[in-house]
Amino acid sequence: MELIDHIAEYLNGNGFTAVSGAMPIAPDRIAAVYATGVRPRGDDEGSRFQVMVRSEADRDTAMADALAIADLLDDFSGMTGIDSPYFARIVLESGVAALGADENRRALYSANFRAWIC
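Because the structure is predicted, anything quoted here is derived from the model rather than measured.

Q: Go over the overall build of the protein chain, please, and point to the residues and values.
A: Of the regular secondary structure elements, the protein chain holds 2 helices and 7 strands. What you see for the protein chain is a C-alpha radius of gyration of 14 Å, in line with the 13 Å of a compact globule of 118 residues. Expressed as lengths along the three principal axes of its C-alpha atoms, the size of the protein chain is roughly 40 × 25 × 20 Å. Going through the 118 residues of the protein chain one by one, you find that 42% of them count as buried. Taking all contacts inside the protein chain whose residues are at least 6 apart in sequence as the whole, residues at least 24 apart take part in 53%.

Here you go:
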């Protein structure tokens, strides 16, 4: 599994519906984890990833979900699952940002993170 797979699995285990890679059409309320700058394990720069969150149609749940995910991941260290690598630290690199809405009027928010993996 890749970095984004481990993060998506961790989010799923903590009550969110999450996928790694492209955001699917359904369900409405979901988080997608994207790689934005993956580096080798142990690299001093760390790897970067983004979590994009979408809300239910006509109900803005995405901001609350994005803030909860940011709170869950920011300053995290440890393992995200049984087979995951050890995350020395994950930090929130930017605050939660509104991205507008998709073609189905579902609100979108994102947050960017950096992770150091051993």
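Q: Give a description of the nonpolar core that names residues and reports values.
A: By size, the foremost hydrophobic cluster in this structure holds 27 residues, and its most contacted members are Ile7, Leu11, Phe49, Val51, Leu73 and Ile90. Contributing elements (two or more residues each) for this core: helix H1 (3-13), strand S2 (30-37), strand S3 (47-54), helix H2 (62-73), strand S5 (86-92) and strand S7 (107-117). Beyond its immediate sequence surroundings of up to four residues, leucine 73 is in contact with Ile7, Tyr10, Leu11, Phe49, Val51, Ile90 and Phe113. Membership of the second largest hydrophobic core comes to 5 residues, among which are Met23, Ile30, Ala32 and Met52.

Q: Give a detailed account of the pairing of strand S6 (residues 97-101), specifying residues and quantitative values.
A: The sheet contact formed by S6 and S7 spans 4 bridges and is antiparallel. Looking at S7, one finds that glycine 100 is bridged to leucine 108. In textbook terms, the turn of a hairpin is the stretch between consecutive antiparallel strands, and for S6 and S7 this stretch comprises 5 residues, one of which, arginine 105, has a positive phi near 60 degrees.

Q: Before we move on, can you summarise the packing of aromatic side chains with the specific residues and values?
A: Tallied over the full model, the rule gives 2 aromatic pairs. Aromatic pair tyrosine 10 and phenylalanine 76: ring centres 5.0 Å apart, planes at 50 degrees, arrangement tilted. Of the two residues, tyrosine 10 is situated in helix H1 and phenylalanine 76 in strand S4 (residues 76-79); the sequence distance between them amounts to 66 residues. Take tyrosine 10: its relative accessible area is 14%, and that puts it in the buried class. Measuring from ring centre to ring centre gives 5.2 Å for phenylalanine 49 and phenylalanine 113, while their planes differ by 15 degrees; the resulting arrangement is stacked. Of this pair, phenylalanine 49 sits in strand S3 while phenylalanine 113 sits in strand S7, and the two are 64 residues apart along the sequence. Phenylalanine 49 gets classed as buried once you look at its relative accessible area, which sits at 0%. Taking the relative accessible area as the measure of exposure, phenylalanine 113 reaches 0% and is therefore buried.

Q: Residue-level account of the environment of methionine 1, with values.
A: Mapping methionine 1 onto the fold places it in the segment before H1. Among the residues examined, methionine 1 registers a relative accessible area of 59% and is labelled exposed. As for methionine 1 and serine 84, which are separated by 83 residues in sequence, their C-alpha atoms are 8.1 Å apart. If we skip the residues at most four places from it in the chain, methionine 1 touches His6 and Glu9.

Q: An account of the pattern of salt bridges is needed here, citing residue identities and associated values.
A: Per the counting criterion, the structure on display carries 8 salt bridges. The salt bridge involving arginine 106 is made with aspartate 28; its shortest N-O contact spans 2.7 Å. Placement of the pair is arginine 106 in the loop between S6 and S7 and aspartate 28 in the loop between strand S1 (18-20) and S2, with a sequence separation of 78 residues. For arginine 48, the salt bridge goes to glutamate 93, with nearest N and O atoms at 3.3 Å. In this pair, arginine 48 sits in strand S3 while glutamate 93 sits in the loop between S5 and S6, placing the two residues 45 residues apart along the sequence. Judged by relative accessible area, which is 38%, glutamate 93 ranks as partly exposed.

How each quantity is defined
- Within each chain, residue numbers correspond to sequence positions counted from 1 in written order.
- Only residues with pLDDT of at least 70 are given local features in this predicted model, and only at 80 or more are side-chain atom pairs given and counted; all residues enter the totals for whole chains, interfaces and linings.
- The side-chain values count all of the structure's non-hydrogen atoms but skip hydrogen atoms and water molecules.
- In DSSP terms, a helix is any run of H or I states spanning at least four residues, a strand is any run of E spanning at least two, and both are numbered starting from the N terminus.
- In this description the radius of gyration comes from C-alpha coordinates, and the expected globular size is given by 2.2 Å times residues to the power 0.38.
- Accessibility here uses a 1.4 Å probe with only protein chains present; expressed as a share of the type maximum, an area under 20% marks a residue as buried, one over 50% as exposed, and anything in between as partly exposed.
- Note on contacts: a residue pair is in contact if any heavy atoms of the two residues lie within 4.5 Å.
- Throughout this description, the term nonpolar core refers to a set of buried Ala, Val, Leu, Ile, Met, Phe, Trp, Tyr and Cys residues connected via side-chain atoms within 4.5 Å.
- The rule for pairing is simple: two strands pair if DSSP sees at least two bridges between them.
- Each pair of aromatic rings taken from Phe, Tyr and Trp, with Trp reduced to its six-membered ring, is defined by centres within 6.5 Å and is described as stacked if the planes are under 30 degrees apart, edge-to-face if over 60, and tilted in the remaining cases.
- Criterion for a salt bridge: a side-chain nitrogen of Lys or Arg within 4 Å of a carboxyl oxygen of Asp or Glu.

Read these as geometric descriptors, not functional statements.
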